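Listed here are the chains, written in short residue letters.
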Amino acid sequence: MQLIQETPDLSAYLAADEAVDHHHPLVRDTAARLAVGVADSYEYARAAFEFVRDSIPHSQDSGDLRVTWRASDVLERRTGICYAKAHALAALLRVEDIPTAFCYQELEVVHGLIAVRFNGDWHRQDPRGNKPGVDAQFSLDGEQLAFTPDLASNELDYPVLYAAPHPVVLDALTAARDRPHLWQTLPTAL
């Protein structure tokens, strides 16, 4: 699939915003801890990916009813759904000057992931969290995402690389009282 940048300006993929609050002390402190002992930005990106994937449970898997959406809240509360975990990973990567985009898949509902830019190309990564039947891995040599859309069921990968989280996603997250409420309002398309 050909990935399409929403904007040609790479600096947009390094920006902070309300959801990707990489100026927050907790984001900066977490990034500094992850950077200890890594040799380069690629190793840092892998460490940040594995940290978010493995250390922050997907709230559906853990049964956590809280809804997080801001990167610093995801890191503080150690919970989030795919979108929230993508926001946290993007903040951890952007604070280290690694261009990071938001991308989505349309499954039964819209699923969120990120893409990182290395060696002039974008590479999608899915920090959702592994469980039986899900084995997402950090890779620049071919995707190993949590899910593969079933084209026969009209599922799809959206090719657009967004500089900020999609407004439909943010609206659902910020309006949700709790995860059961969020599950009723998850977007089914962008």
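Residues numbered from 1 in each chain as written. Predicted model: local features only at pLDDT ≥ 70, side-chain atom pairs only at ≥ 80, totals over all residues. Heavy atoms only, no water.

1. A short note on the overall build of the protein
- A tally of regular secondary structure across the protein gives seven helices and six strands.
- Taken from N to C terminus, the helices and strands of the protein fall in the order β-α-α-α-α-α-β-β-β-β-β-α-α.
- Relative to the globule expectation of 16 Å for 190 residues, the C-alpha radius of gyration of the protein, 15 Å, shows essentially globular dimensions.
- By its C-alpha atoms, the protein is 40 × 35 × 35 Å across when sized along the principal axes.
- In the protein, which comprises 190 residues, the proportion classed as buried is 51%.
- Pairs at least 24 residues apart make up 60% of the contacts formed inside the protein by residues separated by at least 6 positions.
- Here the protein contributes 16 positively and 28 negatively charged side chains, and the mean placements of these two sets differ by 6 Å. (Helix = DSSP H or I, 4+ residues; strand = E, 2+ residues; numbered from the N terminus. Rg over C-alpha atoms; globule rule 2.2 N^0.38 Å. Buried < 20%, exposed > 50% of the residue type's maximum accessible area, 1.4 Å probe, protein only. Contact = heavy atoms within 4.5 Å. Lys, Arg positive; Asp, Glu negative; His and termini not counted. Charge placed at Lys NZ, Arg CZ, Asp CG, Glu CD.)

2. Structural notes on the pairing of strand S4 (residues 121-125)
- Across the five residues of S4, four count as buried, placing the element largely inside the fold.
- Note that strand S3 (residues 110-118) and S4 share five bridges and pair antiparallel. Bridge pairing links Val116 to His123 in S4.
- Between S3 and S4, which follow one another and run antiparallel, lie two residues, and Asn119 among them has a positive phi close to 55°. (Pairing = 2+ DSSP bridges.)

3. Considerations on unusual backbone geometry
- Even without being glycine, Asn119 reaches a positive phi, approximately 55°.
- Note that Asn119 resides in the loop between S3 and S4.
- Unlike most non-glycine residues, Asn154 shows phi in positive territory, near 65°.
- Tracing the sequence through the fold places Asn154 in the loop between S4 and strand S5 (156-157).

4. Considering the layout of surface pockets
- If you add up the space inside the largest pocket, you get close to 390 Å³.
- Looking at the largest pocket, it is lined by 16 residues, and the ones nearest its centre are Leu107, Val109, His111, Phe147 and Trp183.
- Counting residues per element, the ones that place at least two in the lining of the largest pocket are helix H5 (82-94) and S3.
- The residue inventory of the lining of the largest pocket, partitioned by class, reads nine nonpolar, four polar and three charged.
- Approximately 210 Å³ is the volume attributed to the second largest pocket.
- Lining of the second largest pocket is provided by Met1, Gln2, Leu3, Asp121, Trp122, His123, Arg124, Ser139, Leu140, Gly142, Glu143 and Asp157. (1 Å grid on protein atoms, 1.4 Å probe; cavity = no way out; pocket = protein on both sides within 12 Å on 5 of 7 lines; lining within 4 Å. Points joined across faces, edges and corners; volume = space filled by probe spheres on them. Nonpolar A, V, L, I, M, F, W, Y, C, P; charged D, E, K, R; others polar.)

5. Here we look at helix H6 (residues 167-175)
- Looking at H6, one finds that the buried residues are Val169, Ala172 and Leu173. Looking straight down H6, one finds that the buried residues subtend no more than 95° of arc, so they occupy a single side. Residues of H6 that are exposed and point over 90 degrees away from its buried face: Pro167, Asp171 and Ala175.
- Buried residues along H6 sit against H5, strand S2 (100-106) and helix H7 (179-185). (Arc of directions from axis to C-beta.)

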